[in-house]
Amino acid sequence: MTATIIDGKAIAQELRGNIAKAAAQLAKEHGIVPGLAVVLVGNDPASEVYVKSKSKAVTEAGMKSFDHKLPADTSQADLLKLIEQLNADKSVHGILVQLPLPSQIDSTLVLNSIDPGKDVDGFHPVNAGRLATGQRALVPCTPVGSVILAKTINPSLAGLDAVVIGRSNIVGKPLAQLLLAENCTVTIAHSKTKDLKEVCRRADLLFAAVGRPEMVRGDWIKPGATVIDVGINRVPGEGGKTRLVGDVNYKEALEVAGAVTPVPGGVGPMTIACVILNTLRAACASAGLPEPKV
Ligand code: GUN
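Definitions and cut-offs
- Residues numbered from 1 in each chain as written.
- Predicted model: local features only at pLDDT ≥ 70, side-chain atom pairs only at ≥ 80, totals over all residues.
- Heavy atoms only, no water.
- Core = buried A, V, L, I, M, F, W, Y, C linked by side-chain atoms within 4.5 Å.
- Buried < 20%, exposed > 50% of the residue type's maximum accessible area, 1.4 Å probe, protein only.
- Helix = DSSP H or I, 4+ residues; strand = E, 2+ residues; numbered from the N terminus.
- Axes fitted to C-alpha atoms, helices over the stretch in contact; angles between N-to-C directions.
- Parallel < 35°, antiparallel > 145°, perpendicular 65-115°, else oblique.
- Left-handed = near helix turned anticlockwise from the far one by under 90°.
- Contact = heavy atoms within 4.5 Å.
- Nonpolar A, V, L, I, M, F, W, Y, C, P; charged D, E, K, R; others polar.
- Pairing = 2+ DSSP bridges.
- Near = heavy atom within 4 Å.
- Polar contact = N/O pair within 3.5 Å; in protein donor to acceptor, adjacent residues only side chain to side chain.
- 1 Å grid on protein atoms, 1.4 Å probe; cavity = no way out; pocket = protein on both sides within 12 Å on 5 of 7 lines; lining within 4 Å.
- Sits in = over half its atoms within 2 Å of the grid points.

Caption draft 1: Representation of the nonpolar core within the structure. Residues Met63, Leu157, Leu179, Leu205, Phe207, Ile228 and Leu280 are the most contacted members of the largest nonpolar core, which totals 53 residues. Looking at this core, the elements that each hand over two or more residues are helix 1 (8-30), strand 2 (35-41), helix 2 (45-60), helix 6 (141-153), strand 5 (161-165), helix 7 (172-181), strand 7 (205-208) and helix 10 (267-286). Take this core: its biggest share by element is 11 residues, from helix 10. One finds Val163, Ala253, Leu254 and Val256 within the second-largest nonpolar core, a separate group that totals 22 residues.

Caption draft 2: Quick peek at the packing of helix 6 against helix 10. Two elements in contact, helix 6 and helix 10, have axes separated by 8 Å at closest approach and are oriented at 115°. The orientation of helix 6 with respect to helix 10, classified from their angle, is roughly perpendicular. Where helix 6 crosses over helix 10, the two elements pack in a sense that is right-handed. Contacts from Cys141, Thr142, Val144, Gly145, Ser146, Ile148 and Leu149 of helix 6 reach helix 10 at Val267, Met270, Thr271, Cys274, Val275 and Asn278. For the contact of helix 6 with helix 10, the residue count by class is 8 nonpolar, 5 polar and no charged.

Caption draft 3: Inspection of the pairing of strand 5 at higher detail. Counting buried residues along strand 5, 4 of its 5 residues qualify, which places the element largely inside the surrounding structure. Strand direction decides the pairing type here: strand 5 and strand 6 (residues 185-189), joined by 5 bridges, are parallel. When the bridges of strand 6 are listed, Ala162 appears paired with Val186. Pairing geometry for strand 5 and strand 7, over 4 bridges, is parallel. Within strand 7, the residue paired with Val164 across the bridge is Phe207.

Caption draft 4: Representation of the site of the ligand. Around the ligand, the structure places Leu96, Val97, Gln98, Leu99, Asp121 and Phe123. Interatomic distance of 2.9 Å between a backbone N/O atom of Leu99 and a nitrogen atom of the ligand. Counting atoms within 2 Å of the grid points, the majority share of the ligand lands in the largest pocket. Of the residues in the shell around the ligand, the class split is 4 nonpolar, 1 polar and 1 charged.

Fair warning: the whole summary comes from geometry, so function is off the table for now.
This is the structure we're talking about:
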């Protein structure tokens, strides 16, 4: 069997087109242009790439992008002051502080200082709580993108056995909440899980979000399952170069799974699309408007 390859790049492109249309309508009917402030502290090369692609996606969707690049030695007090200004700025509907932050800054304190209504990452405890209790929330972008990809294969996820490997606040936990809301039977597996391979083999939907290169092997996958690979790991490649691999052994997964996401070109582009989706959603909510249809 050769699995269907889930083309995250194409699906994200289509979603971004729909978001752009909804944003244009919001501007025409209500005079609102959604704005996203992206804050980068320091010059981590990977973070710089992410931030650039987020700003570009925002602009391409017809929204405003406000970039704040601060030096690596920025104090926590100065960063908190900037967030206070952005919280008060009516033209800013979304605030994203790129992680990781330098060690002199308490990340939790900073993330908790963002207005929950502008928290497009969905990391604020208010949004985590709203998601867990089924209320309108800003939901972390990677989990949302992962579920959208799974639904391209299984339009209804109801009743399916979903296994999430990884229990981070950014991916594993919110992903499990979203899958529960889709009526899946959800298992969260992690580094202390007994018989991890056997747990994974039960999954109709397998989500790998552990950050361990190619940890999920072909014989961990139930034949025909949908496999969503959230991992992005840089490993040594040929000729002294590096290459990107996921948390799933892609070649082996192709032989067993029903459908699988590639790395790169799977979940990554969906995360960016969902950042602009959340910016649009935050702008609508701040104006008392219903959820945008995209
Ligand atoms: N760094 C790596 N992933 C993310 C993310 O989803 N959001 C933010 N703010 N920083 C990140």
